[in-house]
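# Chains, contacts and geometry: an overview
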Amino acid sequence: MKYKIEQSLSDSKARAGTFSTGHGKINTPAFMPVGTLGSVKGINTRELKRDINSQILLSNTYHLYLRPGIDVIYRAGGLHEFINWDRPILTDSGGYQVFSLSENRKLTEEGAYFRSHIDGSSHMFTPENVVDIQRAIGADIIMAFDECTPYPCDYEYAAKSLDLTHQWLDRCVKRFNSTEPRYDYEQCMFPIVQGSVYDDLRRRSSEYVSEVASSGIAIGGLSVGEPTTLMYEMTDIVTDILPKAKPRYLMGVGTPVNILESIDIGVDMFDCVIPTRNGRNGMLFTKEGIINIKNEKWKDDFSPIEENGESYVDTYYSKAFLRHLTVSKEMLAGQIATHHNLSFYVWLVREARNRILQGNFKSWKERMCSKLNLRL
RNA sequence: GGGGAGGUACCAAAGUGGCCAACUGGGGCAGACUGUAAAUCUGCUGGCGUAUGCCUUCGUAGGUUCGAAUCCUGCCCUCCCCA
């Protein structure tokens with residue numbers, strides 16, 4: 001796996017690069033749609049590839065392990081075959097579920113003991129078996145097993161948790177290096193920086209993680225409820241320390257503005273459920289601002305969803321029709337919104353890349369950000 | 001013609017003397033959502049007001065009572081069964 005920086009700027013930490021994986025190259029900055037269960041909700045892989053032109057998608061170790069089960073995915077020939085997707089896949093390790101399903105799990109030094117949210121059965125996730133599972137899933141990018149700390153999180157806990165995450169990282173690396181891919185392509189693993197919202201912990205983690213031989217590095221534990229300014233601050237601190245020659249993946253981020261601001265401080269990869277989930281709940285992101293399509297004001301607005309949008313659905317359907325579908329809870333509403341939002345997100349990072357390559361990212365970002373938070 | 005049931009807010013439907021401006025659904029309006037237990041969740045929904053509050057509401061007109069959506073009387077309307 002190799003990362004090549006094609007352009008960096010003098011007035012910004014933003015970079016444009018390419019990252020090679022077992023299923024081809026990814027241009028960065030890149031956005032990864034979230035397909036937790038092996039499916040990006042509301043859209044199929046054919047459209048995701050041909051219409052949205054997503055370069056990569058994200059899936060989840062914990063969820064796929066519980067259902068359909070890793071044996072099924074292995075017998076299918078790996079997740080790519082199973083879901084019919086021939087581009088890169090990144091799998092989250094289940095570290096986020098340590099946070100989001102905290103009521104159903106117990107942490108020990110050995111690993112995380114989960115009670116299945118589906119059937120209540122008990123499962124132990126360790127750094128070792130989480131690597132093994134991701135090997136079997138066939139992820140191009142495997143994530144190290146970490147603890148995503150909540151916010152707020154007191155210093156003492158954050159420090160202790162960080163030590164655990166680092167120990168787990170060492171075990172993940174050891175396991176990863178002592179195992180082979182299960183399929184005929186290369187896999188790589190990203191370690192994860194933690195440290196909650198504490199400068200010194202973030203620095204310590206960045207330095208620790210930078211020492212690990214890896215193809216890329218993730219920044220985790222952010223966008224969990226902390227003020228956005230803190231998220232940027234922490235990210236800024238981290239990207240100053242991480243090696244320049246590796247892609248940086250800011251996990252779980254974010255809104256269009258979050259993404260542009262984070263690109264500006266040196267982040268290369270993103271994933272977030274916002275375009276899909278918020279889309280299903282009626283929120284549309286456009287170049288002119290945010291639309292809540294459920295609002296009464298769109299009732300008789302027969303203009304296109306987005307006049308100069310990036311997706312065919314934008315001019316194929318009107319706001320009034322999409323509002324009607326959304327209010328009526330028609331399945332098609334979520335599908336259209338998902339299609340639109342993912343197209344927008346993919347366009348946003350692709351355009352950011354173009355601007356970086358052209359050298360005028362900063363001014364473009366400023367202009368975009370002033371619009372992207374507007375409520376239409 | 002005889003017998004029976006019932007009329008509650010936008011709709012449906014609880015409530016049968018004070019805890020009722022009135023349960024609960026639906027509908028309507030608004031908001032939330034950041035490595036997805038989410039096509040989910042939250043708030044508001046008679047009027048005025050930031051609010052303790054005030055005003056007008058449970059078919060309709062009266063009455064009983066300190067007090068009525070709830071009890072009594074007249075009237076109007078709806079539905080069911082029998083002829």
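Summarised in this report is the structure supplied together with it. Remember, predicted model here, so these are calculated numbers, not experimental data. (Residues numbered from 1 in each chain as written. Chains lettered and ligands numbered in written order. Predicted model: local features only at pLDDT ≥ 70, side-chain atom pairs only at ≥ 80, totals over all residues. Heavy atoms only, no water.)

## Quick word on unusual backbone geometry
Negative phi is the rule for most residues except glycine; trans is the rule for most peptide bonds. Of the consecutive residues Thr28 and Pro29, the connecting peptide bond is found in the cis state with omega at 0°. Take Pro29: it is sitting in the loop between strand S3 (24-28) and strand S4 (30-33). A cis amide bond links Val253 to the next residue, Gly254, at an omega of 5°. In this fold, Gly254 is placed in the loop between strand S14 (248-250) and helix H10 (256-264). The phi angle at Asn53 is positive, at roughly 60°, despite the residue not being glycine. The topology assignment puts Asn53 in the loop between helix H1 (45-50) and strand S5 (57-60). Its identity as a non-glycine residue notwithstanding, Lys329 has a phi of 60°, on the positive side. Here Lys329 is to be found in the loop between helix H13 (319-327) and helix H14 (331-358). (Helix = DSSP H or I, 4+ residues; strand = E, 2+ residues; numbered from the N terminus.)

## A word on the sheet that holds strand S11 (residues 188-190)
Taking strand neighbours across the sheet as the criterion, the four strands line up as S5-S6-S10-S11 in an open arrangement whose pairing is parallel. Sheet topology places S5 and S11 at the edges, where each strand pairs with a single neighbour. The mean angle between the axes of side-by-side strands here comes to 25°, regardless of whether they run parallel or antiparallel. Where strand S10 (residues 141-143) meets S11, three bridges bridge the pair, whose relative direction is parallel. Note on S11: the bridge partner recorded for Met143 is Phe190. Sheet contacts for helix H6 (residues 127-137): strand S6 (89-92), S10 and S11; angle to S10, the most-contacted strand, approximately 160°. (Pairing = 2+ DSSP bridges. Axes fitted to C-alpha atoms, helices over the stretch in contact; angles between N-to-C directions. Contact = heavy atoms within 4.5 Å.)

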